[in-house]
Amino acid sequence: MIYERGVREIHMSIDLWMHFINFFKEVHINEDNFVERLRDLYARAVEIAGAEYKSDRLWESYIAWEREQNNPHNITLIYDRMLATVTQHLIGNFKKFEDHVKVFHPRDILEIDEFLTLRAQIIKTKNISAEHDDTSAPLGEVDQEAPPGLEAEEPPGTGVTNAASELVDEEEIQQLKKIIVDARKVMFEKTKEEALKRKPFEDQIKRPYFHVKPLERNQLQVWTDYLDFEIKNGSHERVLVLFERCVIACALYEEFWIKVRCFVFPQVMARAEQFCNALR
């Protein structure tokens, strides 16, 4: 397939991935395994190109499609990955996540283990508070060996259903939602800090795509400075992503290809040496 060849060769192109996904929707929509295959394609797209700084519309398309499938739990999982990724509209993405949490019941957007753990914490806090105030009877004791509703003698799955269905108190629901947002906010703040460090470089990049017309000297300097910053401060994965973006825009400038080689070659040799040592 042409699109498969395209994303193999230019796998950081958000435009190409979006065209591929839209084409897949049009051509395969009536097939029996359409939903599973499209979900796999979305997952592959964000895994490969999701770290691109301007990949927000790819993430948003994935979320919008899962919303059409009425799958809020999967949407939460996508947001968990998205909020840990440096992208252009990170702050807006967090606000959308907050709206997502407001709309749905906590049990519908969390893994069941996380839901039961958080609920057990709330019940324990309420019991302690009630005992301290001595104004009302405790709501119930929390089993220290298992989350509420999960008794050993019950059939598999029964306790989970009962524990989830018992959550009817509005105050408890709002407490859970706050905990969910606050937990993701910690991750979001760390990602925002990294995004702000990179924003001055990203704002100066005027032509992130290839063109035969020469780049201005100041644009070449921006790429050089950005790469030096990422090599010094970023993770190995982020450096590789930036190099891949750079050699598209700066494909005609050999100094950037040399810079890639100087970064990658020593690591390749080190891994090769480790492999050889392991065989001895």
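Since this is a predicted model, take the numbers as computed values, not measurements. (Residues numbered from 1 in each chain as written. Predicted model: local features only at pLDDT ≥ 70, side-chain atom pairs only at ≥ 80, totals over all residues. Heavy atoms only, no water.)

**Topic: the environment of Ile205**
Move 1: By secondary structure assignment, the location of Ile205 is in the loop between α10 (170–204) and α11 (217–233).
Move 2: As for Ile205 and Tyr226, which are separated by 21 residues in sequence, their C-alpha atoms are 9.9 Å apart.
Move 3: With residues near it in sequence (within four places) discarded, Ile205 still touches Gln219, Val222, Trp223, Tyr226 and Arg245. (Helix = DSSP H or I, 4+ residues; strand = E, 2+ residues; numbered from the N terminus. Contact = heavy atoms within 4.5 Å.)

**A look at the packing of helix α3 (residues 34–49) against helix α4 (residues 56–68)**
Move 1: Packing of α3 against α4 leaves a shortest axis separation of 10 Å and a crossing angle of 155°. Between α3 and α4, the interaxial angle falls into the category roughly antiparallel. Handedness of the α3/α4 crossing: left-handed. Contact residues: α3 offers Val35, Leu38, Arg39, Tyr42, Ala43, Ala45, Val46 and Ala49, while α4 offers Leu58, Trp59, Ser61, Tyr62, Trp65 and Glu66.
Move 2: Taken together, the residues of the contact of α3 with α4 break down into eleven nonpolar, one polar and two charged. (Axes fitted to C-alpha atoms, helices over the stretch in contact; angles between N-to-C directions. Parallel < 35°, antiparallel > 145°, perpendicular 65-115°, else oblique. Left-handed = near helix turned anticlockwise from the far one by under 90°. Nonpolar A, V, L, I, M, F, W, Y, C, P; charged D, E, K, R; others polar.)

**A closer look at unusual backbone geometry**
Move 1: In this model, Asn70 sits at a positive phi of 55°, which is unusual for a non-glycine residue.
Move 2: Mapped onto the fold, Asn70 is located in the loop between α4 and α5 (72–82).

**Details of the packing of aromatic side chains**
Move 1: Within this structure, the stated rule accounts for twelve aromatic pairs.
Move 2: Judged by centre distance (5.5 Å) and plane angle (5°), the rings of Tyr3 and Phe20 are stacked. Taken together, the residues Tyr3 in helix α1 (residues 2–9) and Phe20 in helix α2 (residues 14–28) connect sequence positions 17 residues apart.
Move 3: The class of Tyr3 is partly exposed, set by a relative accessible area of 24%.
Move 4: A relative accessible area of 1% means that Phe20 is categorised as buried.
Move 5: Ring centres 4.4 Å apart and planes at 10° place the aromatic pair Phe94 and Phe188 in the stacked group. In this pair, Phe94 is assigned in helix α6 (residues 90–103) and Phe188 in helix α10, connecting sequence segments 94 residues apart.
Move 6: On the accessibility criterion, Phe188 (4% relative accessible area) is buried.
Move 7: Clustering of aromatic rings is evident, with ring pairs tying together Tyr3, Trp17, Phe20 and Phe23.
Move 8: When the ring centre of Phe265 is taken as reference, the NZ or CZ atom of Arg261 above it lies at 4.6 Å. (Phe/Tyr/Trp six-rings, centres within 6.5 Å; stacked < 30°, edge-to-face > 60°. Buried < 20%, exposed > 50% of the residue type's maximum accessible area, 1.4 Å probe, protein only. Lys NZ or Arg CZ within 6 Å of the ring centre and 35° of its normal.)

**Digging into the nonpolar core**
Nonpolar side chains in soluble globular proteins tend to end up buried together.
Move 1: In this structure, Trp17, Ile21, Leu38, Leu41, Leu58, Phe97 and Ile180 are the most contacted members of the largest nonpolar core, which totals 42 residues.
Move 2: If you list the elements that add at least two residues to this core, you get α2, α3, α4, α5, α6, α8 (112–133) and α10.
Move 3: In contact with Trp17, not counting residues within four places along its chain, are Val7, His11, Leu41, Arg44, Ala45, Ile48 and Ala49.
Move 4: Judged by nonpolar contacts, the second largest core, of 20 residues, contains Phe229, Phe243, Ala249 and Cys250. (Core = buried A, V, L, I, M, F, W, Y, C linked by side-chain atoms within 4.5 Å.)

**Looking at a nonpolar patch on the surface**
Move 1: Taken together, the side chains of Phe210, Val212 and Leu252 present a nonpolar region at the surface, about 320 Å² in accessible area.
Move 2: Among the structural elements, Phe210 can be located in the loop between α10 and α11.
Move 3: The class for Phe210 is partly exposed, based on a relative accessible area of 40%. (Patch = residues over 30% accessible without salt bridge, like charges linked within 9 Å, V, L, I, M, F, W, Y side chains within 5 Å. Areas by Shrake-Rupley, 256 points an atom, 1.4 Å probe, with all protein chains shown as cover. Salt bridge = Lys/Arg side-chain N within 4 Å of Asp/Glu carboxyl O.)

**A few points about the state of the cysteines**
Move 1: One pass over the structure, following the stated rule, counts zero disulfides.
Move 2: Between Cys246, a cysteine without a disulfide, and Cys250, which holds the nearest cysteine sulfur, the sulfur-to-sulfur distance is 4.0 Å.
Move 3: Overall, the relative accessible area of 0% leaves Cys246 in the buried class. (Disulfide = S-S within 2.5 Å.)

**Comments concerning the pattern of salt bridges**
Move 1: For the coordinates displayed, the defined rule picks out 19 salt bridges.
Move 2: For Asp203, the salt bridge identified is with Lys199, shortest N-O distance 2.7 Å. Placement of the pair is Asp203 and Lys199 together in helix α10, with a separation of four residues, close to one helical turn.
Move 3: In this structure, a network of salt bridges that share partners links the residues Glu194, Lys197, Arg198, Glu230 and Arg238.

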